[in-house]
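So you can see what is in the structure, the chains are spelled out below.
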Amino acid sequence: MSNYKETQAIRTQTERTQFFEHSTPMYVTSSFVFEDAEDMRASFAEEKERNLYSRFSNPNTTEFVEKIVQMEGAESGYAFATGMSAVFSTFAALLNSGDHIVSSRSVFGSTHSLFTKFLPKWNITTSYFKINEPEKIESLITEKTKILYAETPTNPAVDIIDLELLGQIAKKHNLLLVIDNCFATPYLQNPIKFGADLVIHSATKLIDGQGRVLGGVTVGKKELIREIYLFSRNTGPAMSPFNAWVLSKSLETLAVRVEKHCENALKVAQFLESHAKVNVVKYPFLPSHPQYEIAKKQMYLGGNIVAFEVKGGIESGRSFLNNIKMCSLSANLGDTRTIVTHPASTTHSKLTVEDRLEVGITDGLVRCSIGLENVEDIINDLKQALEI
Ligand SMILES: *Cc1c(COP(=O)(O)O)cnc(C)c1O
């Protein structure tokens, strides 16, 4: 196969059927048939690599996973119904009661709930490091620590964590390094190169890219994926063949979409940086970003999320949102349509002000997921909303 991600995403294809179709069809079937009793026995004994039942594998999910495996430089993978089922199943398959996780404080909201509310039910605990204190990570590691976990860029403050540093720490302490690579996509960043053992994606975001289907995937080392596969094959979080078909098609255009998302996002970030009513703009590829050098080292482009602070606190943030005309107010991200959110009054409103500040959420912080509309229209909408 090619070393180029565009080609991998387009030319990795399930075998053609007798109809010689050019584009992979949908295999909407729950199960598969066997030639005879011996074929059935050998298949269940895993003496043959083949599809048995769509909870285990299906031609569409296999094709989707294989594309992500190649683009991430991984050995193997498994596809899930959602990003969260990928996150949960990865932890559940690999951890035992008594184990400990060291994680970045800035993780996706539901992942945070998993660490604080659900994993403790099975006596799995988590300690957190702050983005700006990577030197404290090692002091959190105990004999029980099994996994080092992070997302970068972070949500919603768009901070960057040094993957090379995490890779070194994980290696030194013999931990599994697991990275949620959702914001960067496999096109912009490959954590395995920096020492990650497993990479997780919510395919719901830029991988689908059109706000249609939910999906998730974990890729990485073969023996770890085998554990995750056995857990998932028995507990049932599998991706549906329909969603796999949609997402595999989406991957064919990932590279061109993401290039354009990033081009638009950089222009929007530059516009906001020059605006009098904006305090701080966070975009990984703006030289003013605190971790600009690290972003340049580990990312190919800066991604499509721009965070900025409207002057005047929580009320200004809310009124900015009320003034928006074209862009959508929605909780999703990575869509063709530009989406704006105000984390302090919505997704993170239940946190105390101190807890919000710890993950970089100031009262006026606005998160924009920059879409594929003409960038002039995006900038004009943000501009008029700032100026009212
Ligand atoms: C959205 C998201 C998830 C969860 O994905 P779902 O597909 O919504 O379950 C996990 N991690 C990150 C960083 C996300 O943005």
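1. Here's the deal with empty space enclosed by the protein
Here is step 1 of the chain: Scanning all chains against the criterion turns up one cavity of 30 Å³ or more.
Here is step 2 of the chain: Space inside the largest cavity adds up to approximately 40 Å³.
Here is step 3 of the chain: Around the largest cavity, the lining residues are Pro153, Val158, Phe183, Pro284, Met299, Gly302, Gly303, Asn304 and Ile305.
Here is step 4 of the chain: Tallied by class, the residues present in the lining of the largest cavity amount to six nonpolar, three polar and no charged.
Here is step 5 of the chain: A domain-level breakdown of the lining of the largest cavity finds at least three residues from each of domain 1 (5–251) and domain 2 (254–387).

2. Some thoughts on the nonpolar core
Here is step 1 of the chain: In this structure, Phe64, Leu148, Leu166, Leu272, Phe308, Phe320 and Leu382 are the most contacted members of the largest nonpolar core, which totals 74 residues.
Here is step 2 of the chain: Among the elements that take part in this core, helix α11 (residues 254–273) stands out by supplying nine residues, more than any other.
Here is step 3 of the chain: The residue makeup of this core includes at least three contributed by each of domain 1 (5–251) and domain 2 (254–387).
Here is step 4 of the chain: Listed in part, the 26 residues of the second largest apolar core include Leu114, Phe115, Tyr128 and Ile200.

3. Side note on the packing of aromatic side chains
Here is step 1 of the chain: Applying the stated criterion to the full structure yields twelve aromatic pairs.
Here is step 2 of the chain: Plain terms: the ring middles of phenylalanine 115 and tyrosine 149 are 5.7 Å apart, the flat faces sit at 90° to each other, and that makes the pair edge-to-face. Linking phenylalanine 115 in helix α5 (residues 109–118) with tyrosine 149 in strand β4 (residues 145–151), this pair joins segments that are 34 residues apart in sequence. Accessibility assignment for this pair places phenylalanine 115 and tyrosine 149 in one class, buried.
Here is step 3 of the chain: Centroid distance phenylalanine 308 to phenylalanine 320: 5.5 Å. Interplanar angle 90°. Geometry classified as edge-to-face.

4. Regarding the domain arrangement of the protein
Here is step 1 of the chain: Annotation of the protein at the domain level lists domain 1 (5–251) and domain 2 (254–387).
Here is step 2 of the chain: One C-alpha centre belongs to domain 1, the other to domain 2, and the line joining them spans 27 Å.
Here is step 3 of the chain: Between domain 1 and domain 2, the contact holds 36 residues from the first and 37 residues from the second.
Here is step 4 of the chain: The tally of links between domain 1 and domain 2 comes to four salt bridges.
Here is step 5 of the chain: A salt bridge links aspartate 162 to lysine 297, with the nearest nitrogen and oxygen atoms 3.0 Å apart.
Here is step 6 of the chain: Taken together, the links from domain 1 to domain 2 amount to 18 residue pairs in polar contact (both at pLDDT 80 or more).
Here is step 7 of the chain: Going through the elements one at a time, α7 (163–172), α8 (185–188) and α10 (241–252) are the ones with two or more residues in the side of domain 1 that touches domain 2.
Here is step 8 of the chain: Ranked by residues supplied to the side of domain 1 that touches domain 2, first place goes to α8 with four residues.
Here is step 9 of the chain: Across the side of domain 1 that touches domain 2, the residue classes tally to 18 nonpolar, ten polar and eight charged.

Parameters and conventions
- Residues numbered from 1 in each chain as written.
- Predicted model: local features only at pLDDT ≥ 70, side-chain atom pairs only at ≥ 80, totals over all residues.
- Heavy atoms only, no water.
- 1 Å grid on protein atoms, 1.4 Å probe; cavity = no way out; pocket = protein on both sides within 12 Å on 5 of 7 lines; lining within 4 Å.
- Points joined across faces, edges and corners; volume = space filled by probe spheres on them.
- Nonpolar A, V, L, I, M, F, W, Y, C, P; charged D, E, K, R; others polar.
- Domains from an automatic or database assignment.
- Core = buried A, V, L, I, M, F, W, Y, C linked by side-chain atoms within 4.5 Å.
- Buried < 20%, exposed > 50% of the residue type's maximum accessible area, 1.4 Å probe, protein only.
- Helix = DSSP H or I, 4+ residues; strand = E, 2+ residues; numbered from the N terminus.
- Phe/Tyr/Trp six-rings, centres within 6.5 Å; stacked < 30°, edge-to-face > 60°.
- Contact = heavy atoms within 4.5 Å.
- Salt bridge = Lys/Arg side-chain N within 4 Å of Asp/Glu carboxyl O.
- Polar contact = N/O pair within 3.5 Å; in protein donor to acceptor, adjacent residues only side chain to side chain.

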